[in-house]
Amino acid sequence: EWPTSRAVVGAGLADAFRELRPDEVNDRGETWTPGYPAPTLAPGEVHDRIDMVYYAGLHVSPTSAQVLGYDASDPNTDVGLQPYPSDHRAVVVEFSLAGSPLFGDLNGDSAVDVADWVQFRTWHRTSFTGLTRGEAYSRGDLNNDYLSDHADFVLFKRYYEDAHGRGAFAAMLAVPEPAGGLLGCWAACFVARRRRMS
């Protein structure tokens, strides 16, 4: 737990290798130098994983994490390369990108729609300090400042209209909510009945 690693994780990024391979005791994933020429290890050296791949974001998930090294028979190497071009092993991660992420798609259903607006409105004018970047985004932090404010509203409106056309956001706001629509129908029926009675 180096200070820089803690800061990166604290900012909401995840260590892809450990997410896929969580056993720190039996799957150490050491990438510290094997020495040159390999393996030349000094007594008392501390060996650990010094190569990290951090990630964050909606629709992104790691699918494979491997250690590249000089010799596949080395217990800390998944893929051996000869000649090996570095003084230490490396980590390579493959990611799955589930569809094309849409800006403004807060609930991750690959659409920017009324459901996203409801989610945005629920958390509007809120501080997201302490949440991950993905959690804050899903609540409407579209500019990554851990707040939901007018700047985020302007962005959401733009993304909504990018998806549905100019004026679509205003049109969506003009549609009465179901309860309001039912109340309006009930009031109209009541007025019409009173007119018939008088």
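Residues numbered from 1 in each chain as written. Predicted model: local features only at pLDDT ≥ 70, side-chain atom pairs only at ≥ 80, totals over all residues. Heavy atoms only, no water.

### Comments concerning the nonpolar core
In step 1: Counting 13 residues, the largest nonpolar core has W117, L142, F156, Y160 and F169 as its most contacted members.
In step 2: At the level of secondary structure, the elements contributing two or more residues to this core comprise α3 (114–123), α5 (150–164) and α6 (168–174).
In step 3: Apart from the residues lying within four places of it in its own chain, the contact partners of F156 are G104, V112, D113, D116, W117, F120, L142 and F169.
In step 4: Core analysis: the second largest hydrophobic core is formed by 7 residues, A16, F17, A65 and V67 among them. (Core = buried A, V, L, I, M, F, W, Y, C linked by side-chain atoms within 4.5 Å. Buried < 20%, exposed > 50% of the residue type's maximum accessible area, 1.4 Å probe, protein only. Helix = DSSP H or I, 4+ residues; strand = E, 2+ residues; numbered from the N terminus. Contact = heavy atoms within 4.5 Å.)

### Topic: the packing of aromatic side chains
In step 1: If you walk through the whole model with that rule in mind, you get 11 aromatic pairs.
In step 2: Centre to centre, the rings of W117 and F169 are 5.2 Å apart; their planes meet at 90°, and the pair counts as edge-to-face. Within this pair, whereas W117 is found in helix α3, its partner F169 is found in helix α6, the two being separated by 52 residues in sequence.
In step 3: For F169, a relative accessible area of 2% gives the class buried.
In step 4: Relative to F169, the ring of F153 lies with its centre 5.6 Å away and its plane at 75°, an arrangement referred to as edge-to-face. Taken together, the positions of F153 in helix α5 and F169 in helix α6 put the pair 16 residues apart, joining distant regions of the chain. (Phe/Tyr/Trp six-rings, centres within 6.5 Å; stacked < 30°, edge-to-face > 60°.)

### Side note on unusual backbone geometry
In step 1: P83 follows Q82 through a cis peptide bond whose omega is -10°.
In step 2: With respect to the helices and strands, the residue P83 is situated in the loop between β4 (79–80) and β5 (90–97).
In step 3: Phi is positive for R125, which is not a glycine, with a value near 65°.
In step 4: Residue position: R125 is located in the loop between α3 and α4 (133–138).
In step 5: Residue class for R125 comes out exposed when judged on its relative accessible area of 68%.

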